[in-house]
Number of protein chains: 2
Amino acid sequence: MEVIIMKELLEANDKLAENNRKYFKDRNIYAVNLMGSPGSGKTTLISAINKALSDIQIGVIEGDIESSIDTERLGKEGVKSVQINTCGECHLDAKVIRDGAEMLDMKDAIVFIENVGNLICPAEFDLGENLRLLGASVPEGDDKPFKYVPMFSYAEVVAITKSDLIEAVGYDIENSYKGLRAVSEAKAFEISCKTGKGVNEIADYLKNAFLNM
Amino acid sequence: MEVIIMKELLEANDKLAENNRKYFKDRNIYAVNLMGSPGSGKTTLISAINKALSDIQIGVIEGDIESSIDTERLGKEGVKSVQINTCGECHLDAKVIRDGAEMLDMKDAIVFIENVGNLICPAEFDLGENLRLLGASVPEGDDKPFKYVPMFSYAEVVAITKSDLIEAVGYDIENSYKGLRAVSEAKAFEISCKTGKGVNEIADYLKNAFLNM
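Quantities reported herein were computed from a predicted structural model and do not represent experimental measurements.

This part covers the nonpolar core. Formed by 111 residues in total, the largest nonpolar core has its most connected members in A:Ile113 and B:Ile113. Residues in contact with B:Ile113, not counting those within four places in the same chain, are B:Ala31, B:Val32, B:Asn33, B:Leu34, B:Ile61, B:Gly63, B:Leu92, B:Ile97, B:Leu127 and B:Glu129.

See the structure below:
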């Protein structure tokens, strides 16, 4: 019974995701579904990319189970953003993304969808995005690609964030790549928003993808 | 429809959790449901507490969506542990805990249930544990109690792990306590398994709870 309901839910979601894809295309929006654990540095990464791409419009659909801390923070930095509170739900779905996109009301832009902090459930829900980006932070540990396979294989690009902490936490980056390569051909960027390492590289990657879509 | 199914699932789980509680009591087991984000340091905390409590038997029911990395690691340290792979499921439930407890087959012990790394979903599932312990690591950020309210209000004890990184990541511990106190009266321990800070304190707390249950 549970399985049937889940299948129905996912099928309904997939249809709405297709509608979102058309909505984004019609408005020349490049939508990035940014996923990752709580505290993996998702908001900080968006903020850094926004600063690096001063010639591109950036919007954010911000998902949290509660609070509007991240939207307020991005607002102070002049980033146009809308908040979606899932009221306990552990992921965003295509329906709420459409609502968020209409509230955001942008065109000719890169729009980040900052998913709920969760390394498992968001990998089941297509949002109609152009790119699935995973923020995986160094302090989470280099074994995570081995343990959270669905998410690491779902991501098309992986941002290894907080790389300035590699020595402090004894992170074995070779082991991390070994785990990632076992399940995925995702492009990986080593990033530190603190030192600036890798920020221009990922920003340029997204800019090129946006301009050439 | 989804809501009805979820309610039925949770009610069925609650009944099995009550059975688990009796099972643990009959065997003089103090069961600790250890929850937290991916990479919050749950396995490292269990390992450190095991070393601090050399006069108490420790067992572990290890939950992961896949892999047996943590069980192998604990096994090398001489900790009796069993692995439960949820095959994609984002939390442990009372049924799999009973299976795990029977495989572990211990009595007169503290048994840690290391939940799947997830700061949301496990807070909905009673496992029949004696204590709900949350591992919340410093690099996740001091704003987490404001954003993940269901989990922080569900926890009875919070272990603020990786506290040696407070300066490196600019963690505002006062803000963290402000968020925690807004939703919970949970006892909090500041811990670093690297420096040893707080390890004996939380180990003694658990030992006393076990001996006086």
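Residue and element names in this part refer to chain A. Across the six residues that make up strand 4 (residues 109–114), a large majority, five, are buried. Where strand 1 (residues 29–36) and strand 4 come together, six bridges link them in parallel fashion. Paired with Val32 across the strands is Phe112, a residue of strand 4. Sheet analysis places strand 2 (residues 58–64) next to strand 4, joined by five bridges and oriented parallel. Counted as the bridge partner of Gly59 is Val111 from strand 4.

Residue and element names in this part refer to chain A. The topology assignment puts Glu201 in helix 9 (residues 199–211). Given 13 C-beta atoms within a 10 Å radius, Glu201 is considered partly exposed. Through-space distance from the C-alpha of Glu201 to that of Phe189 is 7.7 Å; in sequence the pair is 12 residues apart.

A separate point is the interface of chain A and chain B. Across the contact, 33 residues belong to chain A and 33 residues belong to chain B. For the side of chain A that touches chain B, the secondary-structure elements that each account for two or more residues are helix 1 (2–26), helix 5 (144–147) and helix 6 (149–154) of chain A. Residues belonging to the side of chain A that touches chain B are distributed by class as follows: 17 nonpolar, eight polar and eight charged.

Time to look at the sheet that holds strand 7 (residues 187–190) of chain B. Adjacent strands of a sheet pair through backbone hydrogen bonds, lying either parallel or antiparallel. Residues and elements named next belong to chain B. Within the open sheet, the seven strands sit side by side as 3-2-4-1-5-6-7. Their pairing is parallel. Only two strands of the sheet have a single partner each, and these edge strands are strand 3 (80–85) and strand 7. Taken pair by pair, the neighbouring strands of this sheet meet at an average axis angle of 20°, ignoring direction. Taken together, the four bridges between strand 6 (residues 157–161) and strand 7 define a ladder with parallel strand orientation. Residue pairing in the sheet places Ile160 in a bridge with Glu190 of strand 7.

Structural alignment of chain A on chain B gives an RMSD of 0.0 Å, achieved by rotating through 180° and translating 0.0 Å along the axis. Read as a symmetry element, the transformation amounts to a two-fold axis. Most of the interface of chain A is mirrored in chain B, where 100% of its interface residues are also at the interface.

This next bit is on the environment of B:Arg73. For B:Arg73, the position within the fold is in helix 3 (residues 69–76). For B:Arg73, a count of 17 C-beta atoms within 10 Å puts it in the partly exposed group.

We now examine unusual backbone geometry. A positive phi angle is found at A:Lys162, which is not glycine, with a value near 55°. Within the element layout of this structure, A:Lys162 appears in the loop between strand 6 (157–161) and helix 7 (166–169). For A:Lys162, a count of 28 C-beta atoms within 10 Å translates into the label buried. The backbone phi angle of B:Asn28 is positive, close to 55°, even though this residue is not glycine. Of note, B:Asn28 is situated in the loop between helix 1 (2–26) and strand 1 (29–35). Judged by C-beta crowding, with 12 C-beta atoms within 10 Å, B:Asn28 ranks as exposed.

Below, the discussion takes up helix 9 of chain A. Residues and elements named next belong to chain A. Under the 1.5 Å per step criterion, the end-to-end length of helix 9 is 18 Å for 13 residues, consistent within 8% with the ideal 18 Å. Among all positions of helix 9, only Ile202, Ala203, Leu206 and Phe210 are buried. For helix 9, the arc enclosing every buried residue in end-on projection is 100°, short of the 170-degree limit, so these residues lie on one face. Residues of helix 9 that are exposed and point over 90 degrees away from its buried face: Asn208 and Leu211. Of the surrounding secondary structure, the elements contacted by the buried residues of helix 9 are strand 1, helix 2 (42–52), strand 4, strand 6 and strand 7 (187–190).

What follows is about the sheet that holds strand 5 (residues 131–137) of chain A. Residues and elements named next belong to chain A. The strand order across the open sheet built from seven strands is 3-2-4-1-5-6-7, with neighbouring strands paired in parallel fashion. Pairing within the sheet leaves two strands with one partner each, and these edge strands are strand 3 (80–85) and strand 7. With direction set aside, neighbouring strand axes in the sheet form an average angle of 20°.

What follows concerns the pairing of strand 6 of chain A. Every other side chain in a regular strand lies on the same face of the sheet, so the side chains alternate between the two faces. Residue and element names in this part refer to chain A. Along strand 6, four of the five residues are buried, which leaves the element largely enclosed by surrounding structure. Bridge analysis of strand 5 against strand 6 gives five bridges, and the strand direction is parallel. Considered in strand 6, the bridge of Ala136 is made with Ile160.

In this section: the packing of helix 2 of chain A against helix 9 of chain A. Residues and elements named next belong to chain A. At a minimum axis distance of 9 Å, the contact between helix 2 and helix 9 shows a crossing angle of 75°. The pairing of helix 2 with helix 9 is recorded here as roughly perpendicular in orientation. Seen from helix 2, the contacting residues are Ala48, Ile49 and Ala52; seen from helix 9, they are Val199, Asn200, Ile202, Ala203 and Leu206. Along the lines of polarity and charge, the residues of the contact of helix 2 with helix 9 split into seven nonpolar, one polar and no charged.

Definitions and limits used
Residues numbered from 1 in each chain as written. Chains lettered and ligands numbered in written order. Predicted model: local features only at pLDDT ≥ 70, side-chain atom pairs only at ≥ 80, totals over all residues. Core = buried A, V, L, I, M, F, W, Y, C linked by C-beta atoms within 7 Å. Buried ≥ 20, exposed ≤ 12 C-beta atoms within 10 Å, placed from the backbone. Contact = placed C-beta atoms within 7 Å. Helix = DSSP H or I, 4+ residues; strand = E, 2+ residues; numbered from the N terminus. Pairing = 2+ DSSP bridges. Nonpolar A, V, L, I, M, F, W, Y, C, P; charged D, E, K, R; others polar. Axes fitted to C-alpha atoms, helices over the stretch in contact; angles between N-to-C directions. Least-squares fit on C-alpha atoms with pLDDT ≥ 70 in both. Expected span 1.5 Å × (residues − 1). Arc of directions from axis to C-beta. Parallel < 35°, antiparallel > 145°, perpendicular 65-115°, else oblique.

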